[in-house]
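Read off the chains here:
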Amino acid sequence: MAEHSARTCSHAHCRLTFLFIFFKHISTMSSKDAAASPLGNNKVLVAAIAFCGAVTVACVASLIAVSVNATNGSGTSGAGAFSSKDATIVVNTGDMLYATGKPPAGENPCSGKKPELENYDCVIGAIADVKPQAGGNVTKGYKGGMEVDHVPVTTPYWQNKMCPVNVHWHLGTEHYSAGEYDEFGAGPVNNNYGLGDRRLAETEARKGYQCRHYNIDENKFNTPYVWKHCVGMRIGETYEVHWPHSAAGMCGTPNQYQTPFYDGVFCVDGVLTDTAAQIGVQAQIFTIVNDEEYYYPDLFRGMIVDGEKGSDVAMYTGSTTGTSRDNEVCSQYSPITWQVDRKCHMISASSFDKMCADMKAQRDDMTDDLYAHGSRTLVSDQLTANNQANRKLRASA
């Protein structure tokens, strides 16, 4: 099939056909015929061009058929088999080319800058009270139960001289937003929210809440995608993306992005004096689809603020997250600001793959963030700060 398409698409074949028709006609025309029919040569030219155009259309149709046949039935990380219900969606084989070359090698001044602050027991009223934790409930109107004496950053981080120093994501969500990502969400592997552990398998990361977009009968949720750069991803799955920001990052340099993110957050000495005001995390929740209508070219640099995306953001102070913490073991990396999009959005798999390609192009090795990390158990009310900004519900009309 491929050889036939190549022969059909041959420009040489088209050119030879053109010359054969043209010169054969010229050679059989007498000078009298040519004089009597001055448009005759032009008619031949038009006929030959039309033939080449038909060959080009056949070429395109053949290549599309070959592409679909080559990708159908191939092993992918998609949720299910290709469906032909909607012929407008074509299997995306992930063949987009993204630059992954790194900048010139150089010294990394951020390497090893993570301060070693061990987890500690979540004990309220102890000699050293536990600090507010994340991720919490960000439903509109929710207020945490821990009294705190600091406030979150409520303006864009760049206006507070902070820059993103990392990007990573979690399987499912660590935060909870009723009606958006909650216990009624669904995905290619359903979650049993009645279980305390909620692991997909012994070797997989702990899974958090899911969005409500998933529909196995729609092609964008079941059409396979061949991942080129991200690792272990699933079409139809929910992921919570985090962009840690810091005033102590190596902003605007080849060393700005770091793995682990702590190295980037604490990179420049002598800068951090108020962590709640100088360290922040953006969080946005996505369901992955195989549909280029949901493509976004720069997921690497921060939360998408466009239309509905980033328009309803919860703001509060908490801590770093991850599965080494829960409601009994807490993080000492607190307080820091969290800005969390309350809505769940669909985004194309190619957007994520482009982000992973961008991560590969950084000077620091970000390999350990090319896959989804596990999600922390939802933080209890008593461990969630009571300083949620933008929490009030709009008055009814």
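Residues numbered from 1 in each chain as written. Predicted model: local features only at pLDDT ≥ 70, side-chain atom pairs only at ≥ 80, totals over all residues. Heavy atoms only, no water.

Chemist: I'm lost on the pairing of strand 8 (residues 313-318) in this one. Help?
Modeler: On a regular strand, each side chain points to the face opposite its neighbour's, so the side chains alternate between the two faces of the sheet. For strand 8, the buried fraction is high: 6 of the 6 residues fall into the buried class. By the alternation rule, side chains of strand 8 split into Val313, Met315 and Thr317 and Ala314, Tyr316 and Gly318, which are all buried. (Buried < 20%, exposed > 50% of the residue type's maximum accessible area, 1.4 Å probe, protein only. Helix = DSSP H or I, 4+ residues; strand = E, 2+ residues; numbered from the N terminus.)

Chemist: Which parts of the structure should I look at to understand the pattern of salt bridges?
Modeler: For side chains bearing opposite charge, pairing can occur when the charged atoms are close. Applying the stated rule across the entire model yields 9 salt bridges. Taking the shortest distance from any N to any O, the salt bridge between Asp182 and Arg212 comes out at 2.7 Å. Residue Asp182 is located in strand 4 (residues 181-182), and its partner Arg212 is located in the loop between strand 5 (210-211) and helix 5 (219-222); the two are separated by 30 residues in the primary sequence. On the basis of relative accessibility, which here comes to 1%, the residue Asp182 falls in the buried class. Between Arg342 and Asp312 there is a salt bridge; the shortest N-O distance is 2.7 Å. Of this pair, Arg342 sits in strand 10 (residues 336-348) while Asp312 sits in the loop between strand 7 (279-289) and strand 8; the two residues are 30 residues apart in sequence, bridging distant segments of the chain. (Salt bridge = Lys/Arg side-chain N within 4 Å of Asp/Glu carboxyl O.)

Chemist: Help me understand the side chain of Gln282 in this model?
Modeler: By secondary structure assignment, the location of Gln282 is in strand 7. Since its relative accessible area comes to 12%, Gln282 is described here as buried. Within the structure, the side chain of Gln282 is placed 2.9 Å from the backbone nitrogen of Met303, a separation counted as a polar contact. (Polar contact = N/O pair within 3.5 Å; in protein donor to acceptor, adjacent residues only side chain to side chain.)

Chemist: Any chance you could explain the state of the cysteines here in plain terms?
Modeler: Using the criterion set out here, one finds 5 disulfides in the structure. Covalent S-S linkage joins Cys211 and Cys344, the inter-sulfur distance amounting to 2.0 Å. Taking the sign of the S-S torsion, 100° for the link of Cys211 and Cys344, the bridge is right-handed. With Cys211 in strand 5 and Cys344 in strand 10, this pair connects stretches of sequence that are 133 residues apart. (Disulfide = S-S within 2.5 Å.)

Chemist: It is not clear to me how the nonpolar core should be interpreted in this structure. Could you clarify?
Modeler: A general feature of soluble globular proteins is that nonpolar side chains tend to end up buried together. Ranked by size, the top nonpolar core spans 30 residues in total, and within it Trp169, Trp227 and Phe352 carry the most contacts. Where this core is concerned, the elements lending two or more residues are strand 3 (168-171), strand 6 (238-246), strand 7, strand 8 and helix 8 (349-360). Here the element with the most residues in this core is helix 8; it accounts for 5 residues. (Core = buried A, V, L, I, M, F, W, Y, C linked by side-chain atoms within 4.5 Å.)

Chemist: How should the environment of Val329 be read in this particular structure?
Modeler: The topology assignment puts Val329 in strand 9 (residues 329-330). The residues contacting Val329, other than those within four sequence positions of it, are Asn119, Tyr120, Cys122, Ser324 and Arg376. (Contact = heavy atoms within 4.5 Å.)

Chemist: Whenever I open this one, the layout of surface pockets confuses me. Can you help?
Modeler: Picture a little ball the size of a water molecule; that probe, rolled over the atoms, points out where space is still empty. Taken as a whole, the largest pocket spans an internal volume of roughly 520 Å³. Along the walls of the largest pocket sit 32 residues, with Phe261, Tyr262, Thr320, Thr321 and Arg325 positioned nearest its centre. Put simply, the parts of the chain that give the lining of the largest pocket at least two residues each are strand 3, strand 6, helix 6 (261-265), strand 7 and strand 10. Of the residues contributing to the lining of the largest pocket, the split by class is 13 nonpolar, 14 polar and 5 charged. (1 Å grid on protein atoms, 1.4 Å probe; cavity = no way out; pocket = protein on both sides within 12 Å on 5 of 7 lines; lining within 4 Å. Points joined across faces, edges and corners; volume = space filled by probe spheres on them. Nonpolar A, V, L, I, M, F, W, Y, C, P; charged D, E, K, R; others polar.)

Chemist: Got a minute to help me understand the pairing of strand 10 in this structure?
Modeler: Burial analysis of strand 10 places 12 of its 13 residues in the buried class, the great majority of the element. Here 9 bridges tie strand 7 to strand 10, and the two strands are oriented parallel to one another. Among the inter-strand pairings, Gln282 is bridged to a residue of strand 10, identified as Gln339. Where strand 8 lies against strand 10, 6 bridges are found, and the strand directions are antiparallel. Its bridge partner lying in strand 10, Gly318 is registered against Ile336. (Pairing = 2+ DSSP bridges.)

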